[in-house]
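# Commentary on secondary and tertiary structure
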Amino acid sequence: MGETESLAKDAEVWYRNGLSFECTGCGNCCSGPQTGFVWVDDQEILAIAKQVGLDHDLDRFERQFVRTLGHRKSLVEYSDGDCIFLEPKTRRCSVYESRPGQCRTWPFWKENLASPARWGQVAKSCPGCNQGKLYSIQEIHRIGDRLHET
Ligand code: SF4
Ligand code: SF4
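In this report, the structure presented in the accompanying data block is examined.

Definitions and limits used
Residues numbered from 1 in each chain as written. Chains lettered and ligands numbered in written order. Predicted model: local features only at pLDDT ≥ 70, side-chain atom pairs only at ≥ 80, totals over all residues. Heavy atoms only, no water. Helix = DSSP H or I, 4+ residues; strand = E, 2+ residues; numbered from the N terminus. Pairing = 2+ DSSP bridges. Contact = heavy atoms within 4.5 Å. Axes fitted to C-alpha atoms, helices over the stretch in contact; angles between N-to-C directions. Near = heavy atom within 4 Å. Nonpolar A, V, L, I, M, F, W, Y, C, P; charged D, E, K, R; others polar. Salt bridge = Lys/Arg side-chain N within 4 Å of Asp/Glu carboxyl O. Buried < 20%, exposed > 50% of the residue type's maximum accessible area, 1.4 Å probe, protein only.

## Here's the deal with unusual backbone geometry
Apart from glycine, the bulk of residues carry a negative phi angle, and the bulk of peptide bonds sit in the trans form. Tryptophan 106 connects to proline 107 through a cis peptide bond whose omega is 5°. Inspection of the secondary structure puts proline 107 in the loop between helix 4 (101-105) and helix 5 (116-125). Its identity as a non-glycine residue notwithstanding, arginine 91 has a phi of 60°, on the positive side. Along the polypeptide, arginine 91 turns up in the loop between strand 4 (72-75) and helix 4.

So, in C-alpha coordinates, the structure goes:
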(Lines give C-alpha, C1' and ligand atoms only; values in the text may rest on other atoms or scores of the structure.)
(Ligands and ions follow the chains in the order given, each with its own letter.)
Protein backbone atom coordinates (compact mmCIF):
# COMPACT_ATOMS: atom_id res chain seq x y z
CA MET A 1 0.00 0.00 0.00
CA GLY A 2 1.37 3.43 -0.95
CA GLU A 3 1.94 6.12 1.69
CA THR A 4 -0.94 8.30 0.41
CA GLU A 5 -3.32 5.38 0.38
CA SER A 6 -2.18 4.41 3.84
CA LEU A 7 -2.71 7.96 5.13
CA ALA A 8 -6.20 8.05 3.59
CA LYS A 9 -7.01 4.77 5.30
CA ASP A 10 -5.61 6.07 8.60
CA ALA A 11 -7.95 9.08 8.36
CA GLU A 12 -10.95 6.75 8.31
CA VAL A 13 -10.27 4.63 11.36
CA TRP A 14 -12.07 5.38 14.59
CA TYR A 15 -8.81 5.89 16.54
CA ARG A 16 -7.35 8.31 13.96
CA ASN A 17 -6.57 10.80 16.76
CA GLY A 18 -4.58 8.19 18.64
CA LEU A 19 -5.19 6.24 21.83
CA SER A 20 -3.85 6.64 25.33
CA PHE A 21 -2.26 3.79 27.17
CA GLU A 22 -0.02 3.43 30.17
CA CYS A 23 0.38 0.13 31.96
CA THR A 24 -0.55 0.24 35.64
CA GLY A 25 1.16 -3.08 36.29
CA CYS A 26 -2.05 -4.68 37.55
CA GLY A 27 -1.19 -8.04 35.95
CA ASN A 28 -4.69 -8.68 34.57
CA CYS A 29 -3.42 -9.42 31.07
CA CYS A 30 -1.05 -12.07 32.42
CA SER A 31 -3.68 -13.90 34.43
CA GLY A 32 -7.28 -14.94 34.66
CA PRO A 33 -9.43 -17.37 32.74
CA GLN A 34 -9.62 -15.21 29.61
CA THR A 35 -5.83 -15.07 29.17
CA GLY A 36 -5.70 -17.92 26.69
CA PHE A 37 -2.29 -18.41 25.21
CA VAL A 38 1.01 -16.61 25.22
CA TRP A 39 2.47 -17.79 21.94
CA VAL A 40 6.23 -18.04 21.64
CA ASP A 41 8.54 -18.86 18.76
CA ASP A 42 12.07 -20.27 18.98
CA GLN A 43 13.68 -16.82 19.17
CA GLU A 44 11.39 -15.75 22.01
CA ILE A 45 11.99 -19.03 23.83
CA LEU A 46 15.74 -18.49 23.57
CA ALA A 47 15.48 -14.91 24.83
CA ILE A 48 13.50 -15.93 27.93
CA ALA A 49 15.71 -18.97 28.51
CA LYS A 50 18.73 -16.65 28.47
CA GLN A 51 17.15 -14.38 31.04
CA VAL A 52 16.42 -17.25 33.42
CA GLY A 53 19.85 -18.81 32.81
CA LEU A 54 18.64 -21.91 30.98
CA ASP A 55 19.79 -21.17 27.43
CA HIS A 56 22.36 -23.97 27.78
CA ASP A 57 19.51 -26.46 28.26
CA LEU A 58 16.55 -25.48 26.11
CA ASP A 59 14.91 -28.89 26.48
CA ARG A 60 14.73 -28.39 30.22
CA PHE A 61 13.45 -24.85 29.76
CA GLU A 62 10.69 -26.04 27.46
CA ARG A 63 9.71 -28.91 29.74
CA GLN A 64 9.32 -26.46 32.58
CA PHE A 65 7.90 -23.36 30.93
CA VAL A 66 6.47 -24.17 27.50
CA ARG A 67 3.58 -26.28 26.21
CA THR A 68 3.07 -27.43 22.65
CA LEU A 69 -0.32 -27.06 21.02
CA GLY A 70 -0.35 -28.52 17.54
CA HIS A 71 2.41 -26.75 15.63
CA ARG A 72 2.60 -23.85 18.06
CA LYS A 73 4.10 -23.26 21.47
CA SER A 74 2.74 -21.27 24.36
CA LEU A 75 4.01 -20.42 27.81
CA VAL A 76 2.72 -22.62 30.60
CA GLU A 77 0.01 -21.15 32.77
CA TYR A 78 -1.20 -22.25 36.16
CA SER A 79 -4.68 -23.65 36.66
CA ASP A 80 -5.92 -20.23 37.82
CA GLY A 81 -4.81 -18.72 34.51
CA ASP A 82 -1.66 -16.98 35.77
CA CYS A 83 1.25 -17.06 33.33
CA ILE A 84 4.12 -19.05 34.78
CA PHE A 85 6.29 -15.92 34.65
CA LEU A 86 3.88 -13.73 36.58
CA GLU A 87 5.24 -13.09 40.08
CA PRO A 88 2.37 -14.17 42.35
CA LYS A 89 2.98 -11.51 45.01
CA THR A 90 3.99 -8.45 43.03
CA ARG A 91 1.85 -9.36 39.94
CA ARG A 92 4.81 -8.28 37.79
CA CYS A 93 6.39 -10.13 34.90
CA SER A 94 9.56 -11.85 36.05
CA VAL A 95 10.97 -11.88 32.50
CA TYR A 96 9.84 -8.39 31.50
CA GLU A 97 12.97 -7.56 29.47
CA SER A 98 12.55 -10.65 27.32
CA ARG A 99 8.74 -10.95 27.30
CA PRO A 100 7.33 -12.25 24.03
CA GLY A 101 6.01 -10.06 21.21
CA GLN A 102 2.43 -10.82 22.17
CA CYS A 103 3.02 -9.17 25.55
CA ARG A 104 5.06 -6.28 24.10
CA THR A 105 2.38 -5.28 21.65
CA TRP A 106 -0.63 -5.45 24.00
CA PRO A 107 -3.14 -3.77 23.87
CA PHE A 108 -2.64 -2.61 20.29
CA TRP A 109 -3.62 -5.89 18.70
CA LYS A 110 -5.64 -5.70 15.48
CA GLU A 111 -8.61 -7.48 17.07
CA ASN A 112 -8.62 -5.07 20.02
CA LEU A 113 -8.77 -2.13 17.61
CA ALA A 114 -11.55 -3.59 15.48
CA SER A 115 -14.17 -1.19 16.88
CA PRO A 116 -14.65 1.30 19.72
CA ALA A 117 -16.86 -1.32 21.39
CA ARG A 118 -14.10 -3.93 21.28
CA TRP A 119 -11.59 -1.41 22.63
CA GLY A 120 -14.07 -0.56 25.38
CA GLN A 121 -14.25 -4.22 26.35
CA VAL A 122 -10.47 -4.45 26.46
CA ALA A 123 -10.35 -1.33 28.65
CA LYS A 124 -12.65 -3.00 31.18
CA SER A 125 -9.98 -5.55 32.04
CA CYS A 126 -6.95 -3.40 31.21
CA PRO A 127 -6.97 -0.24 33.35
CA GLY A 128 -3.99 1.13 31.39
CA CYS A 129 -6.22 1.81 28.38
CA ASN A 130 -7.42 5.39 27.87
CA GLN A 131 -4.95 6.89 30.29
CA GLY A 132 -1.37 8.17 30.25
CA LYS A 133 0.75 8.43 27.12
CA LEU A 134 -1.06 9.25 23.88
CA TYR A 135 0.03 7.02 21.00
CA SER A 136 -0.48 8.35 17.47
CA ILE A 137 -2.17 6.14 14.92
CA GLN A 138 1.20 5.55 13.27
CA GLU A 139 2.76 4.43 16.56
CA ILE A 140 -0.21 2.14 17.23
CA HIS A 141 0.15 0.50 13.84
CA ARG A 142 3.91 0.19 14.19
CA ILE A 143 3.49 -1.59 17.53
CA GLY A 144 0.63 -3.80 16.28
CA ASP A 145 2.54 -4.73 13.11
CA ARG A 146 5.42 -6.07 15.22
CA LEU A 147 3.12 -8.84 16.45
CA HIS A 148 2.35 -10.00 12.93
CA GLU A 149 6.00 -9.90 11.86
CA THR A 150 6.87 -12.64 14.38
S1 SF4 B 1 -3.98 -5.39 32.08
FE2 SF4 B 1 -3.22 -3.50 31.17
S3 SF4 B 1 -2.63 -2.21 32.90
FE4 SF4 B 1 -2.81 -4.32 33.66
S5 SF4 B 1 -0.71 -5.19 33.48
FE6 SF4 B 1 -1.81 -5.69 31.59
S7 SF4 B 1 -1.27 -4.02 30.18
FE8 SF4 B 1 -0.80 -3.31 32.25
S1 SF4 C 1 5.53 -13.37 29.82
FE2 SF4 C 1 5.32 -11.76 31.35
S3 SF4 C 1 4.16 -10.14 30.33
FE4 SF4 C 1 3.84 -12.03 29.16
S5 SF4 C 1 1.99 -12.98 29.99
FE6 SF4 C 1 3.73 -13.86 31.09
S7 SF4 C 1 3.98 -12.59 32.91
FE8 SF4 C 1 2.70 -11.45 31.46
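Once the structure has been displayed, the description carries forward.
## Describing the sheet that holds strand 3 (residues 66-69)
Taken in spatial order, the three strands make up an open sheet running 2-4-3, and their pairing is antiparallel. The sheet terminates laterally at strand 2 (39-40) and strand 3, the two strands that pair on one side only. Summarising the sheet, strand 2 and strand 4 pair through two bridges and their orientation is antiparallel. Counted as the bridge partner of tryptophan 39 is serine 74 from strand 4. Relative to strand 3, helix 3 (residues 58-65) is tilted by about 80°, and along the sheet it contacts strand 3 and strand 4.

## Details of the site of ligand 2
Taken together, the neighbourhood of ligand 2 is formed by Cys30, Val38, Leu75, Cys83, Phe85, Leu86, Cys93, Pro100 and Cys103. Per-class residue counts for the shell around ligand 2 are nine nonpolar, no polar and no charged.

## Some points on the environment of glutamate 97
Of note, glutamate 97 is situated in the loop between strand 4 and helix 4. Taking C-alpha positions, glutamate 97 is 9.0 Å from alanine 47, a pair spaced 50 residues apart along the chain. In this structure, glutamate 97 is in contact with Gln51 and Arg104, ignoring residues within four places of it in sequence.

## Topic: the site of ligand 1
Around ligand 1, the structure places 13 residues, and the nearest of them are Cys23, Cys26, Gly27, Cys29 and Cys126. Each residue belonging to the shell around ligand 1 can be placed in one class, and the counts come to seven nonpolar, six polar and no charged.

## Here's the deal with the pattern of salt bridges
According to the stated counting rule, one finds four salt bridges in the structure shown. A salt bridge links lysine 73 to glutamate 62; its shortest N-O distance comes to 3.1 Å. Separated by eleven residues along the polypeptide, lysine 73 in strand 4 and glutamate 62 in helix 3 bring together distant segments of the chain. In this structure, the salt-bridge partner of aspartate 82 is arginine 91, at a minimum N-O distance of 2.9 Å. We classify aspartate 82 as buried; its relative accessible area is 8%. Residue arginine 91 is classed as partly exposed on the basis of its relative accessible area of 26%.

Any link to function would need more than the numbers given here.
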